[in-house]
Amino acid sequence: MLDRRLSHDDLIDHLVRSTPLSRGEAARVVLDVLAYFDETTEEFVRRRHRELQSGGLTNADIFERITAELPYRAVAPPELSLRQLRRIVYG
């Protein structure tokens, strides 16, 4: 996580300048947002199921809701090998 913090110093500096957040608070917000968007599809589905279940929804309603949310959710891409990365660039 420390590497991520250092690689986003410009964003943290921007948040400190443009909000009432302290540097530590801004760093925490950035790390939280990055962790949120690092979720895989499977992690997102499990987390949302737990959240909705704790809210009293039935599985039928939960799965319908998750199905509707997934197309609008940014999820982490699969890990790519160097070969796959080269293929993306060079075809």
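Residues numbered from 1 in each chain as written. Predicted model: local features only at pLDDT ≥ 70, side-chain atom pairs only at ≥ 80, totals over all residues. Heavy atoms only, no water.

**As for the packing of aromatic side chains**
For step 1, the next point in the chain: Within this structure, the stated rule accounts for one aromatic pair.
For step 2, the next point in the chain: Summarising the aromatic geometry, the rings of Y36 and F37 are spaced 5.1 Å apart at their centres and angled 90° between planes, so their arrangement reads as edge-to-face. (Phe/Tyr/Trp six-rings, centres within 6.5 Å; stacked < 30°, edge-to-face > 60°.)

**Some remarks on the domain arrangement of the protein**
For step 1, the next point in the chain: Looking at the protein, the domain boundaries give domain 1 (7-37) and domain 2 (41-90).
For step 2, the next point in the chain: Distance between the C-alpha centres of domain 1 and domain 2: 25 Å. (Domains from an automatic or database assignment.)

**Focus: a nonpolar patch on the surface**
For step 1, the next point in the chain: Together, L80, L82, L85, I88, V89 and Y90 line one region of the surface with nonpolar side chains, adding up to about 670 Å² of accessible area.
For step 2, the next point in the chain: Locating Y90 in the fold gives a position in helix α6 (residues 82-90).
For step 3, the next point in the chain: Residue classification places Y90 among the exposed positions, given a relative accessible area of 70%. (Patch = residues over 30% accessible without salt bridge, like charges linked within 9 Å, V, L, I, M, F, W, Y side chains within 5 Å. Areas by Shrake-Rupley, 256 points an atom, 1.4 Å probe, with all protein chains shown as cover. Salt bridge = Lys/Arg side-chain N within 4 Å of Asp/Glu carboxyl O. Helix = DSSP H or I, 4+ residues; strand = E, 2+ residues; numbered from the N terminus. Buried < 20%, exposed > 50% of the residue type's maximum accessible area, 1.4 Å probe, protein only.)

**Regarding helix α4 (residues 41-54)**
One full turn of an α-helix is made of 3.6 residues, so residues set three or four places apart face in the same direction.
For step 1, the next point in the chain: In this model α4 runs 20 Å from its N-terminal to its C-terminal C-alpha over 14 residues, within 8% of the 20 Å that 1.5 Å per residue would give.
For step 2, the next point in the chain: Looking only at α4, the buried set comprises F44, R47, R48, H49 and L52.
For step 3, the next point in the chain: Elements that come into contact with the buried residues of α4 comprise α3 (23-37) and α5 (59-69).
For step 4, the next point in the chain: Looking one or two residues past α4, G56 carries a phi angle of roughly 95°, positive in sign. (Expected span 1.5 Å × (residues − 1). Contact = heavy atoms within 4.5 Å.)

**Things to note about the packing of α4 against α5**
For step 1, the next point in the chain: Packing of α4 against α5 brings their axes to within 10 Å, and their N-to-C directions diverge by 135°. Relative to α5, the element α4 lies oblique. Seen from above, α4 lies across α5 with right-handed handedness. Residues F44, V45, R48, H49, L52 and Q53 of α4 form the contact with α5, whose own contacting residues are N59, I62, F63, R65, I66 and E69.
For step 2, the next point in the chain: Across the contact of α4 with α5, the residue classes break down as six nonpolar, three polar and three charged. (Axes fitted to C-alpha atoms, helices over the stretch in contact; angles between N-to-C directions. Parallel < 35°, antiparallel > 145°, perpendicular 65-115°, else oblique. Left-handed = near helix turned anticlockwise from the far one by under 90°. Nonpolar A, V, L, I, M, F, W, Y, C, P; charged D, E, K, R; others polar.)

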